Amino acid sequence: MALVTADWSPMGDAFYRKTELYAMSWSSKFDISNHLVAAAPYGGPLALMQDISRHEKVSASVRPKVSIFTASGNEICSFLWKSGRVIHLAWSLAEDLLFVQDDGQVLTYDIFGSYKGTCTLGNEVKTTKAAEARTFSCLSHTGLAVMTSALRFMVTTNLSKHRAMNYPEPPALCAPPSCWAACYQDRRAILIVASAHDLFLLEPGNVTLVTPPGLSVPVNCYLDASVSFNGKLLALYTDSGHIWMGHTTLKEKIGEFETRNPMRPVQLEWCDNVDGSVPAVVAMWDEMLLVAGPKRDLQIQYPLDSPSYLVPEMDGVRVLNITAHDFLHRVPDSCVEVFRIGSMAPGALLLEASKEYEAGSQKADEYLREIREKSGLEHAVEQCITTAAYEYEPTTQKALLRAASFGKCFLQAYRPENFVEMCRTLRLLNALRDYTVGLPLSYTQLQQLTVTVLVDRLVQRRMFPLAIRVCELLHLPERQGRSRVLEHWACYKVMTMKAEDEERLPKLIHERLGDTTGISYEEVAARATDMGRTELAVRLLDYEARAEKQVPLLMRLKRWELALLKAIESGDTDLVYMVIVDLKGVLNQTDFYFTLRKYPVARNLQLKDLESQISALNDAATEFSKAKNDFAAKATEEQFRLLRQQKQHSQKLGLDLLHLSLHATILKLLRSGHVAIAERFVRDHRLPDRRWWWLKVEALAYLGDWQELEKFSKSKKSPIGYQPFVDACLKHGNRFEARKYIHKLPPEQKVKGCLATGELEMAIDTASERKSEDDLALILSRLPSSIEPRVNDKLEALRNQLGRR
């Protein structure tokens, strides 16, 4: 194991190191200084776009080339840009590439260069043209701030909503600001705009002139501004070469550093820490990288051999140039304690003991005795395990884990879960950092990103085998892990399938997927349907074991007979009736009868229902004859006409949809006040209870008898659920009554019911309890134009809870 501290640089009580992640493979292809560069956080992909304005020898009419790479420099794709002038290039939190054009359009592409969609920032930006843009993170979305050539600011906190907000103009802003930045805090976007020596804080509907507290020298001009990764800290670079560090509220100062360099840096970024210590600021010029601390004497300088680009991360800064990709970060405290020269920390002693043991020296026992005298053996084991997480070199990781394994042998009650979990995690991280994968996540970033999101990103990169191995390594549940990856793989194969592969693809997919728990062939078939590949979808549905998933999609594909056959094979009479009803609606009478003749089970089911309803209809006519009013006589005549028709149909084939006419008859009885007749009719002839409930709910809502409807809902447990109660109340214009039945709905229906009745807050609470992303998507699609602040807070909390993907 090489000297671990060789690349450490001290800065006060802390140490910083620049770890080489990759030697880039594009060194002969690109000059970063002539490109727009965007790098996604969490070790994400890199995008480079030729900046024609920086190429002196290239005509402005030439289409710029866009190239997307992994973090290790492997090219994923490249294409020529065929749209408008791009002023800003960035990655969203979902790793979509955003092209912000000067006409206010934001074009979205995936990691493979496929177009996904366009959002526009409004006519004002289109007319006046956008001059500059900044992206920022806001909860689970990516926000965008744009400054137009008219020096007006437009901000959107969610690009998917296609809605931008005008921000107030800083007073007396006659020229482009010397610098500006955007961040998100307290559920709103904030802009920090500098105009020479004035600094303005822009919020929705408010402009505030602010002065950073504690500046030691007068400021003639602010040259650059940078917001930290978490959006809480702000760094300002002044014309005197001072870096002011403080909070984005501009009410509290953290520190100030004098660089003695009045030139504007090429880039200014925060080198964030996650352990609560004061972070540093990284300023980059053409030939130097400066790490500045909060005090005047705290600094580290690194020479630069070529143009570079800084990528802020939550626990450091990635430094990208044409030859190398490095990670600059503060050395964690556990690493300092273990590896610092002369350290007597328990972890350092245990590491030395392990080395001596492997060398066959008795000094190992002396080190162990010293650790035990301090009662620190268990702490030493944990310290070695924790330190291994922050090391990038596998040999160092192994040495630390061997030391931890050696130490835990002397602990009687030590639980090995942490050790085993760390071994798995390091194996995962090393696999991700491999040059062929190019995903250089740190341990801290992985903890923040979560394994579920990591698997999603591997699937997005089409690294399906690796995603499956990750699921198996970390023992993820089938439905959340392997099954989900295989389903995505199958959908991808369907999307990329060639015409000649349509015959063998269903078999290939079934061989790979088999009967794995959680696999839905219906989802894959639905993807094929969306792409217009009907025959492929039908073949895939043959492997779907659940008829309730299989039959509806076959009906959507207009394969009525196949749907009927599958419904009959399932033994589910409800599915059979569902297909029959749809068949009657799409086929003429002759074809309908001919089709049912081929399926005795369906015919017999319909005959059985028909016989009971014909008998009921005869009795209904008798009841009508007893009703001494014009309505009864008229209704009787109508029912006898229907009866004659049904008897004729029964003799021919024994089928019809008589129950539709029967429903209309019962509704007429109820609406006319003949409730007793209707109830006796239903009871004596044993009509299904579900039908009676549905009809009575509809009739009471039609009459506006809300008190009776509520009483009816409490008479016993509803066999049709309580969604029909809500629908009937809404249908007849009474939201207040509909809200009485919301709490009785099952959880999967409650959010929809709450939104239909205007109970947005209850919908948000229900979605939060269910932790459902589908519920959140439904709420976002039906948001009203204005929301109360208290309800908006709950909505943002729900987004934060579910939106880390």
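One can find the structure itself at the top, above this paragraph.
Residues numbered from 1 in each chain as written. Predicted model: local features only at pLDDT ≥ 70, side-chain atom pairs only at ≥ 80, totals over all residues. Heavy atoms only, no water.

Caption draft 1: Structural detail: the pairing of strand β19 (residues 222–227). Most of β19 sits inside the fold, with six of its six residues counted as buried. Between β19 and strand β20 (residues 233–238), which pair antiparallel one after the other, the connecting turn spans five residues, and Gly-231 there sits at a positive phi close to 75°. (Buried < 20%, exposed > 50% of the residue type's maximum accessible area, 1.4 Å probe, protein only. Helix = DSSP H or I, 4+ residues; strand = E, 2+ residues; numbered from the N terminus. Pairing = 2+ DSSP bridges.)

Caption draft 2: Layout of the sheet that holds strand β28 (residues 316–321). Strand order in the open sheet formed by five strands is β1-β2-β29-β28-β27, and the pairing between neighbours is antiparallel. Strands at the two margins of the open sheet, each flanked by one partner only, are β1 (8–11) and β27 (308–313). Strand-to-strand, the axes of this sheet are offset by a mean angle of 25°, without reference to chain direction. As judged from the six bridges shared by β27 and β28, these two strands associate in the antiparallel manner. Counterpart to Ser-308 in the pairing with β28 is Asn-321. (Axes fitted to C-alpha atoms, helices over the stretch in contact; angles between N-to-C directions.)

Caption draft 3: Spotlight on the nonpolar core. The biggest cluster of nonpolar side chains holds 98 residues, and the ones touching the most others in it are Leu-350, Leu-441, Leu-454, Leu-458, Ile-509 and Leu-564. Cys-729, Cys-754, Leu-776 and Leu-802 belong to the second largest nonpolar core, which has 31 residues in total. (Core = buried A, V, L, I, M, F, W, Y, C linked by side-chain atoms within 4.5 Å.)

Caption draft 4: Representation of the packing of aromatic side chains in the model. Counted by the stated rule, this structure contains 16 aromatic pairs. When the centroid spacing of 4.3 Å and the interplanar angle of 20° are considered together, the rings of Trp-81 and Phe-99 count as stacked. Taken together, the positions of Trp-81 in the loop between β6 (75–80) and β7 (86–91) and Phe-99 in strand β8 (residues 97–101) put the pair 18 residues apart, joining distant regions of the chain. Judged by relative accessible area, Phe-99 falls into the buried class, the value being 0%. Taking 5.9 Å as the distance between ring centres and 85° as the angle between the ring planes, the aromatic pair formed by Tyr-390 and Tyr-443 counts as edge-to-face. Taken together, the positions of Tyr-390 in the loop between α5 (377–389) and α6 (394–408) and Tyr-443 in helix α8 (residues 443–449) put the pair 53 residues apart, joining distant regions of the chain. What makes Tyr-390 partly exposed here is its relative accessible area of 24%. Aromatic rings pair up to connect Phe-79, Trp-81, Phe-99, Tyr-109 and Tyr-115 into one cluster. Here Arg-433 stacks its cationic end above the ring of Tyr-392, 4.1 Å away from the centre of that ring. The residue whose ring lies beneath Arg-462 is Phe-112, and the NZ or CZ to ring-centre distance is 3.8 Å. (Phe/Tyr/Trp six-rings, centres within 6.5 Å; stacked < 30°, edge-to-face > 60°. Lys NZ or Arg CZ within 6 Å of the ring centre and 35° of its normal.)

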